[in-house]
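The lines below spell out each chain.
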Amino acid sequence: MKLERPDARGRFGEFGGRFAPETLMPALEELEHAFEGAWADPAFRGDLDRLLKDFVGRPTPIFEAERLSAQLGFRVLLKREDLAHTGAHKINNAIAQVLLARRMGKPRVIAETGAGQHGVATATAAALLGLECDVFMGEKDIERQSLNVYRMQMLGTRVIPVTSGAGTLKDAVNEAMRDWVGTVETTHYVIGSVVGPHPFPWMVREFQRVIGDESLAQLGEDLPDVVVACVGGGSNAIGMFYPFAGLGIDLVGVEAAGEGIETGRHGASLGEGSPGILHGTRTYLLQDADGQVQEAHSISAGLDYPGVGPEHAYFQDLGLARYVSITDDESLEGVSLLARTEGIIPALESAHAISWIAKAAGELQGKTVLVNLSGRGDKDVQQIAEARS
Amino acid sequence: MSAERLRLMFAARRADNSTALLPFMTAGLPDPGHAVEMFEAMAGAGADGFEVGIPYSDPLMDGPIIQEGGARALAAGVGLEEGLEIAGRVIARTGLPALVMTYANVVVQAGPDEFARRAADHGVSGVIVADLPLEEAGPIKAAVERAGLGMVLFAAPTTTEARLRRIVEAEPVFIYGVADLGVTGERKIASSRAGELARRIREVTGIPLVMGVGISTPEQAAAIAGSADGVIVGSALVRRALEAQTPTEAIASLATAVREFRAAL
């Protein structure tokens, strides 16, 4: 059964928890109390709802993808998170956390970013609400997502390159955590996914569940048979899945198979990993027998992460959702498919979900499939062009 | 009881009214072949015991110097087994107590009991896990203590009085007082928070207190020495091991540095 909230120790079953340096523990306790208070406070909820409506542009529509449906032979609905301000679902969480940071009296926020979408969303929220903002980004990701670097800088955010490790999302999280250990008294860490120590996985899920709650309200009696979302850390997926879990709907998370599962160069932590502890939480990880965490690989910077949110680990073990994977090459086909049939260029991350429904068309015949189109692909155009040449 | 060696060492320092010097060094530096010799040189220069770092891929409590040390050791093939072997040989050769420091995932993947048993087999006295707060420490602390080793718990400048009381009630073999906010690394200016934290801890317990994080010069060590049973110096030493051009130079440089810290204490 899905859990309304994790237990007192921040666990979803055997996953989650709070494996953090002592220096951060009081801040995590403070954050948990502040979030509980804010979430139960109609004034905070009212402020957030107004911003989601008038600034972000919610509710995002559900679009009947008729030409794609005709081509695949089954009905496809798209939840249009790509239409949210800044171009992805990340803004739902960023704006809520920055609002919470302001309520907590923290003048500065920091964030990690992979594809740059969470960084842009946090930079945007910080500009809107008047907080100082620093974003940590791996140098490899700075290279492949330079457009988003400029966007953050235009918004008044400092982008700090991370050179440790492979220079991707995992390293950016490490560096943001390290900053936070030193600045915790004046800084809130706006983590970008349902990962990290308790209360982050729970809090970020609550901030992203607007995707699924809205979808249920928009669909009414017309419920889908299958709901599909891509999974890196897993915030768009859990935001969509959580309200649907327990309704007898097939929930499918799509991880990055990278260059192919068999090559070992992928990001399929649920499919191929084993339980361990990374970034403060117990979850499925790509790791060796000694517990050294391995580098993930994906064409999409947002799925290039060797861990996953602990609630997904819990959903997988309980069979509340199932998790599949799609390779880099397949995701590029997904981009083309949606661009040419519906006039929508999806983010490389979201293209993994599109590609999976095309690949699984056989088993999906006669069904209604709702895909969470978590972000738009403007940021990826240059990278896609290079991958194709 | 390996933890006993640590307790005896602290008792001896209290008896002669001095402060223990516990150098931190990543296992496998300057290279695996010279690691033990480098620890021996530090022992000869006046170290009272060691914190031996078992490298981990994602050390989020560590600054750039110890990150680099860990990455270099991992690249040289030093994992848990090699790290424990180095610690064991250091203990056997120097007769000094040593703790191992690592991160939770390394312990959990080995299995807490298996990890503790292997550490005990190598003569290790205690275990420090940088991302293991009191709330998550239960199973690992129990396993470590079952094997006769001591578990270390942290207290930081941000730790509230209520948390501090719970940490003390758990009876760690010593309290690692986090001398400064932030990750490990050298600081130009001594922490303004260390003295206050030491005083707060001393007020509530007689459990040995060892201060570390950001103590990078003999002067900084001396400033906190009077308030603590021991001082951990890490990044300032690891930097010397990384900067040295040859293993011989690293060994000499570390001996000199430890002698300077010893003199200041």
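Every value quoted in this text rests on a predicted model; they were computed, and no experiment measured them. Per chain, the residues get numbers from 1 upward, laid out in the order the sequence is written. The naming scheme follows written order: chains are lettered A onward, ligands numbered 1 onward. Local features in a predicted model are, by the rule used here, given only for residues with pLDDT of at least 70; side-chain atom pairs are given and counted only at 80 or more, and totals for whole chains, interfaces and linings are based on all residues. With hydrogens and water excluded, all non-hydrogen atoms of the structure serve as input to the side-chain values.

(A) Region of interest: the interface of chain A and chain B. Two residues form a contact once any of their heavy atoms are found within 4.5 Å. Tallying the contact residues gives 34 residues for chain A and 37 residues for chain B. Accessible area that two parts lose when put together, evaluated with a 1.4 Å probe and summed over both, is termed the buried area. The contact between chain A and chain B buries some 2,800 Å² in all, and 50% of this surface belongs to carbon and sulfur atoms. It is Glu-22, Arg-178 and Gln-292 of chain A that lose the most area in chain A upon contact with chain B, and together they represent 24% of the buried surface on that side. What makes a salt bridge here is a side-chain nitrogen of Lys or Arg within 4 Å of a carboxyl oxygen of Asp or Glu, nothing more. The interface formed by chain A and chain B includes seven salt bridges. Note that Asp-58 of chain B and Lys-170 of chain A form a salt bridge whose closest N and O atoms lie 3.0 Å from each other. Identification of polar contacts relies on pairs of N or O atoms within 3.5 Å, with a donor-acceptor requirement for protein atoms, meaning one able to donate a hydrogen and the other able to accept it, and with residues adjacent in sequence counted only if both atoms are side-chain atoms. Applying the counting rule to chain A against chain B returns 25 residue pairs in polar contact (both at pLDDT 80 or more). Starting at the N terminus, helices and strands are each numbered in turn, a helix being any DSSP run of H or I of at least four residues and a strand any DSSP run of E of at least two. Only α1 (25–39), α8 (169–183) and β11 (274–278) of chain A provide two or more residues apiece to the side of chain A that touches chain B.

(B) Region of the structure containing the pairing of β11 of chain A. Residues and elements named next belong to chain A. The criterion for strand pairing is that DSSP finds at least two bridges linking the strands in question. Bridge count between β11 and strand β12 (residues 281–285): five bridges; the pairing is antiparallel. Note that in β12 the partner of Ile-277 across the bridge is Arg-282. Between the antiparallel neighbours β11 and β12 lie two residues, among them His-279 with a positive phi of about 50 degrees.

(C) Region of interest: helix α4 (residues 90–103) of chain A. Residue and element names in this part refer to chain A. A helix is expected to span 1.5 Å for every residue after the first. End to end, α4 covers 20 Å across 14 residues, agreeing with the expected 20 Å (1.5 Å per residue, within 8%). Among the 14 residues that make up α4, twelve are buried, leaving the element largely enclosed by the rest of the structure. Categorising residues by exposure relies on relative accessible area from a 1.4 Å probe, with only protein chains included: less than 20% of the type maximum marks a residue as buried, more than 50% marks it as exposed, and the intermediate range marks it as partly exposed. Among all positions of α4, only Lys-90, Ile-91, Asn-92, Asn-93, Ala-94, Ile-95, Ala-96, Gln-97, Val-98, Leu-99, Leu-100 and Ala-101 are buried. Two residues or fewer past α4, Gly-105 is found with a positive phi of approximately 80 degrees.

(D) Highlighting the pairing of strand β9 (residues 226–230) of chain A. Residue and element names in this part refer to chain A. With five of its five residues buried, β9 lies for the most part within the structure. Here β9 shows a buried face lined by Val-226, Val-228 and Cys-230 and a second buried face lined by Val-227 and Ala-229. Here five bridges tie β9 to strand β10 (residues 250–258), and the two strands are oriented parallel to one another. Following the sheet pairing, Ala-229 is matched in β10 by Gly-253. Assignment of crossover handedness uses the view with strands pointing away from the viewer, where a clockwise path from the first strand over the helix to the second indicates a right-handed crossover. A crossover connection joins β9 to the parallel β10 through helix α11 (residues 235–244); in handedness this β-α-β unit is right-handed. When β9 meets strand β14 (residues 368–373), the two strands line up parallel, connected through three bridges. If you follow Val-226 over to β14, its bridge partner there is Val-369.

(E) The arrangement of unusual backbone geometry in detail. Here the residue pair Arg-58 of chain A and Pro-59 of chain A is connected by a cis peptide bond, since its omega of 0 degrees sits within 30 degrees of zero. The residue Pro-59 of chain A is located in the loop between α2 (42–56) and β3 (62–64) in this model. In this structure, Pro-30 of chain B follows Leu-29 of chain B across a cis peptide bond, with omega equal to -5 degrees. Along the polypeptide, Pro-30 of chain B turns up in the loop between β1 (20–26) and α2 (35–44). Unusually for a residue other than glycine, Thr-86 of chain A sits at a positive phi of about 75 degrees. Among the secondary structure elements, Thr-86 of chain A is positioned in the loop between β4 (75–80) and α4. The backbone phi angle of Asn-17 of chain B is positive, close to 55 degrees, even though this residue is not glycine.

(F) Spotlight on the packing of helix α14 (residues 328–342) of chain A against helix α17 (residues 381–388) of chain A. All names here are of chain A. Closest axis-to-axis distance for the α14/α17 pair is 11 Å, and the angle between their directions is 115 degrees. The way α14 lies across α17 gives a crossing that is left-handed. Each of Leu-332, Val-335 and Ser-336 in α14 lies in contact with α17, whose residues at this interface are Ile-384, Ala-387 and Arg-388. Tallied by class, the residues present in the contact of α14 with α17 amount to four nonpolar, one polar and one charged. Note on method: axes are straight lines fitted to C-alpha atoms, helices fitted across the in-contact stretch only, with angles between N-to-C directions ranging 0 to 180 degrees. It is the rotation of the near helix from the far one that decides the hand of a crossing: anticlockwise by less than a right angle makes it left-handed, clockwise makes it right-handed. Residue type decides the class: Asp, Glu, Lys and Arg count as charged, Ala, Val, Leu, Ile, Met, Phe, Trp, Tyr, Cys and Pro as nonpolar, and the leftover types, Gly among them, as polar.

(G) Quick look at the confidence of the model for chain B. Per-residue confidence for chain B gives a mean pLDDT of 97; residues scoring 70 or more make up 100%. For this predicted complex, the interface confidence reaches an ipTM of 0.97, while the overall pTM sits at 0.97. Across the chain, each position has a pLDDT score giving the predictor's confidence in that residue, from 0 to 100.

(H) Inspection of the sheet that holds strand β6 (residues 132–138) of chain A at higher detail. All names here are of chain A. Taking strand neighbours across the sheet as the criterion, the four strands line up as β7-β6-β5-β8 in an open arrangement whose pairing is parallel. Either end of the sheet is taken by a strand with one partner, and the two such strands are β7 (158–162) and β8 (187–189). Each strand axis lies, on average, 25 degrees off the axis of its neighbour in the sheet, ignoring direction. Of the pairings in the sheet, the one linking strand β5 (residues 108–113) to β6 comprises six bridges and is parallel in character. The residue of β6 that forms the bridge with Glu-112 is Phe-136.

(I) Representation of the nonpolar core in the model. Ranked by size, the top nonpolar core spans 199 residues in total, and within it Phe-241 and Phe-315 of chain A together with Met-25, Phe-174 and Met-211 of chain B carry the most contacts. When sequence neighbours within four positions are dropped, the list of residues in contact with Met-211 of chain B reads Gly-177, Ala-179, Ala-194, Leu-197, Ala-198, Ile-224, Ala-228, Gly-230, Val-231 and Ile-232 of chain B. Grouped together as the second largest cluster of nonpolar side chains are 25 residues, Leu-68, Val-226, Val-252 and Leu-373 of chain A included. Here the nonpolar core consists of buried residues drawn from Ala, Val, Leu, Ile, Met, Phe, Trp, Tyr and Cys, with membership extended through side-chain atoms lying within 4.5 Å.

(J) Spatial organisation of the packing of aromatic side chains. For Phe, Tyr and Trp, where Trp contributes only its six-membered ring, two rings pair if their centres lie within 6.5 Å, and the inter-plane angle classes them as stacked under 30 degrees, edge-to-face over 60, or tilted in between. Summed over the entire model, instances satisfying the criterion amount to twelve aromatic pairs over all chains. Aromatic pair Trp-180 of chain A and Tyr-189 of chain A: ring centres 5.9 Å apart, planes at 65 degrees, arrangement edge-to-face. Residues Trp-180 of chain A and Tyr-189 of chain A agree in their burial class; the two are buried. Both rings, one in Phe-10 of chain B and one in Phe-174 of chain B, keep their centres 5.6 Å apart while their planes meet at 75 degrees; by these two values the pair is edge-to-face. Pair noted here: Phe-10 of chain B is in helix α1 (residues 2–15) and Phe-174 of chain B is in strand β6 (residues 174–178), with a separation of 164 residues, a long-range link. Exposure remark for Phe-10 of chain B: the relative accessible area of 2% places this residue in the buried category. Among the residues examined, Phe-174 of chain B registers a relative accessible area of 0% and is labelled buried. Through a chain of ring-to-ring contacts, three or more aromatic side chains come together here, namely Phe-35, Trp-39, Trp-202 and Phe-207 of chain A. The ring centre of Trp-39 of chain A lies 3.6 Å from the NZ or CZ of Arg-45 of chain A, which sits over that ring. Over a ring means this: the NZ of a Lys or the CZ of an Arg is within 6 Å of the ring centre and within 35 degrees of the ring normal.

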